[in-house]
Amino acid sequence: MTSLSSITSRSAVAPIPTGLLIGGQWRGAIGGKVFDVENPATGEVLAAVADAGPSDGDDALAAAVDARASWAATAPRYRSEILRRAYDLVMARQDWLAEVMTLEMGKPLAEAKGEVAYAAEFLRWFSEEAVRVCGDHGTTGDGANRIIVAREPVGPCVLITPWNFPLAMGTRKIAPAVAAGCTMVLKPAPQTPLSSLALAAILQESGLPAGVLNVVNTTDAATVVHRWMSSGKARKVSFTGSTGVGKLLLRQAAETVMRSSMELGGNAPFIVCADADIDAAVDGAMAAKMRNMGEACTAANRMYVHRDIAATFAERLASRMAALKVGNGLDDETDVGPLIDAAGRAKVHRLVDDALQRGATALTGGQLPEGPGYFYPPTVLVDVSVDSELMTTEVFGPVAPIIPFDDEDDVIDCANDTDWGLVGYLFTQDVDRAFDLSERLEVGMVGVNTGLVSNPAAPFGGVKQSGLGREGGRVGIDEFLEYKYLAVPRRKGR
């Protein structure tokens, strides 16, 4: 007997092209190879999508190269209006896109709708930035030459997106590239290609010319991407994912001296000072920890709470976490969906088990549930040893370890004692303390009395091994532009 959920799943994904987008045409992979996209809540196969090989990837990059000159020459307003039309279409189809996202990666439907709106805002933001790209004009110190500085698109771009925010990470890279006049090849994560394919179809519908955006789904990313990186034809790489893969791409980029933007891993400290509003801090912890089931590079990974309030904070946070309903994201009552796959869940449970063996106590959670799907319960740990592996590893799951502290200098040292530096969170009611500690945190972003920092209007990125460059904000388009300086002699005698 066919279940209603299976019928719903098929009808939701049916409108999405499942091929490769190359030179404006949807086509199958050479050789007809495909791979399955599964629902992590049920194991159901949602669709079979084309699985590109190296020759398909070569064709996609060639299409981007062929479209480069004509696209770079288009008027900024023309590019702006394409992005604005795409924004309108994404928002008009918010419910459908959210359902597709929930089906392929698990997040609750309400949260998926929030991501669709967040993703759309990058399209609108960069539609406005497209017409604001400007250069400079001046004279040399001796007055002999005019200095004219122009800004031009960097050229064909390699864009690589992760599975945890499949629509927003696409628009966060595609929108500034389009606004700047760059062509691109996009490789979405194999776990979540459907959101990217749906977005590509919307951009086509919005009037994006053939060859500007080429989408290549593949399970052989190492070969396909390496050929792009070594070709000498791609001039920019923008990657969101693990630090390990980012380092590999940087080594490859060095061979052809490619412009590189890297948004990599995180190990975010969440610091609650003695004077913090505890209820506000718990609210912030829920936002910073449980967004996307904890599968976010911005997720709070280590919660440092002043000893005077640590027990109260832990009790309230555990109560809130224990009350969350775990289940299929399509259920309106679900608060926490599944993790992305078996390997992701196994890693989370291994880190929790390691902490428990080293003396930690689980106030809630910590046990693997039975049944289908890659679910893991919201977990709060206390008495966590600093030697626990989860203190130095990005957990990527709904696990909150709480560590008490006594001295602000010590907690800043602990917070900064990591190779990563993407984001930190800080809760205090003292303005001077907020600024002082924020300045001392070695991170690219700080949430002060808030657990949510991501916004299309703000520059997103980190320091140390959390990456290079920034996405979003007024500087986001800079990653896709080069400076060109013209020296023009002034007429003599003037």
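Right, let's walk through the structure included here. (Residues numbered from 1 in each chain as written. Predicted model: local features only at pLDDT ≥ 70, side-chain atom pairs only at ≥ 80, totals over all residues. Heavy atoms only, no water.)

**Points about the nonpolar core**
Grouped together as the largest cluster of nonpolar side chains are 128 residues, with contacts concentrated most on Phe270, Ile271, Phe313 and Leu317. Counting residues per element, this core draws most heavily on helix α5 (residues 109-129), which supplies ten residues. Beyond its immediate stretch of four places on either side in the chain, Ile271 contacts Tyr304, Phe405, Val411, Ile412, Ala415, Tyr425, Leu426, Phe427 and Leu441. (Core = buried A, V, L, I, M, F, W, Y, C linked by side-chain atoms within 4.5 Å. Buried < 20%, exposed > 50% of the residue type's maximum accessible area, 1.4 Å probe, protein only. Helix = DSSP H or I, 4+ residues; strand = E, 2+ residues; numbered from the N terminus. Contact = heavy atoms within 4.5 Å.)

**Looking at the packing of aromatic side chains**
Under the defined criterion, the tally for this structure stands at five aromatic pairs. With a centroid separation of 5.1 Å and an interplanar angle of 65°, the aromatic rings of Tyr118 and Phe122 are classed as edge-to-face. Here Phe122 and Tyr118 lie together in helix α5, a separation of four residues that amounts to about one turn. Here Tyr118 falls in the buried class, since its relative accessible area comes to 12%. When its relative accessible area of 1% is taken as the criterion, Phe122 is described as buried. Three or more aromatic residues joined by ring pairs make a cluster, and in this case those are Phe270, Tyr425 and Phe427. Lys236 extends its terminal NZ or CZ atom over the ring of Phe480, reaching a point 5.1 Å from the ring centre. Arg291 extends its terminal NZ or CZ atom over the ring of Tyr118, reaching a point 5.6 Å from the ring centre. (Phe/Tyr/Trp six-rings, centres within 6.5 Å; stacked < 30°, edge-to-face > 60°. Lys NZ or Arg CZ within 6 Å of the ring centre and 35° of its normal.)

**Considering the side chain of Thr171**
Among the structural elements, Thr171 can be located in helix α6 (residues 168-180). Residue classification places Thr171 among the buried positions, given a relative accessible area of 1%. From its side chain, Thr171 meets the backbone oxygen of Ala119 in a polar contact 2.9 Å long. Non-local contacts of Thr171, meaning those with residues more than four positions away in its chain, are made with Ala119, Phe122, Leu123, Pro176 and Leu199. (Polar contact = N/O pair within 3.5 Å; in protein donor to acceptor, adjacent residues only side chain to side chain.)

**So, the environment of Ser195**
Mapped onto the fold, Ser195 is located in helix α7 (residues 193-205). Classification of Ser195 by relative accessible area gives buried; the value is 2%. Expressed as a C-alpha distance, the spacing of Ser195 and Gly170, which sit 25 residues apart in the sequence, is 8.8 Å. Excluding residues within four positions of it along the chain, Ser195 makes contact with Val100, Met101, Glu104, Pro166 and Leu167.

**Things to note about the sheet that holds strand β12 (residues 268-272)**
Spatial strand order, β14-β15-β16-β13-β12-β18-β19: seven strands in an open sheet with mixed pairing. Two strands lie at the open edges of the sheet, namely β14 (361-364) and β19 (445-448), each paired on one side alone. Each neighbouring strand pair of the sheet contributes to a mean axis angle of 25°, computed without reference to strand direction. For β12 and strand β18 (residues 423-427), the ladder comprises three bridges, and the chain directions are parallel. Paired with Val272 across the two strands is Phe427, which belongs to β18. Of the strands in this sheet, β12, β13 (300-306) and β16 (399-405) touch helix α13 (residues 408-416), which is tilted by about 170° from β13. (Pairing = 2+ DSSP bridges. Axes fitted to C-alpha atoms, helices over the stretch in contact; angles between N-to-C directions.)

**Concerning the state of the cysteines**
Summed over the entire model, instances satisfying the criterion amount to zero disulfides. Of all cysteine sulfurs, the one in Cys182 lies closest to Cys134, which takes part in no disulfide; the gap is 17 Å. Taking relative accessible area as the criterion, Cys134 reaches 54% and is therefore assigned exposed. In this structure Cys157 is a free cysteine whose sulfur lies 4.0 Å from that of Cys182, the closest cysteine sulfur available. When its relative accessible area of 1% is taken as the criterion, Cys157 is described as buried. (Disulfide = S-S within 2.5 Å.)

**Comments concerning the packing of helix α2 (residues 54-72) against helix α8 (residues 221-230)**
Where α2 contacts α8, the axes come no closer than 9 Å and their chain directions differ by 35°. At the point where α2 passes α8, the crossing takes the right-handed sense. Mapping the contact onto sequence places Pro54, Gly57, Asp58 and Leu61 in α2 and Thr223, Val224, Arg227 and Trp228 in α8. Looking at the contact of α2 with α8, its residues break down into four nonpolar, two polar and two charged. (Left-handed = near helix turned anticlockwise from the far one by under 90°. Nonpolar A, V, L, I, M, F, W, Y, C, P; charged D, E, K, R; others polar.)

**Brief notes about the packing of α13 against helix α14 (residues 431-440)**
In the contact formed by α13 and α14, the axes pass within 10 Å of each other and the chain directions differ by 35°. The handedness of the crossing between α13 and α14 comes out as right-handed. Along the contact surface, α13 presents Glu408, Asp409, Ile412 and Asn416, while α14 presents Arg433, Leu437 and Arg440. Classifying every residue of the contact of α13 with α14 gives two nonpolar, one polar and four charged.

**Things to note about the pattern of salt bridges**
Following the criterion strictly, the structure yields 29 salt bridges and no others. Measuring nitrogen to oxygen at the nearest pair gives 3.0 Å for the salt bridge that ties Asp354 to Arg358. Because the salt bridges share partners, they merge into one network encompassing Arg172, Lys173, Glu263 and Glu471. (Salt bridge = Lys/Arg side-chain N within 4 Å of Asp/Glu carboxyl O.)

So far we have only geometry, and geometry alone does not tell us how the molecule works.
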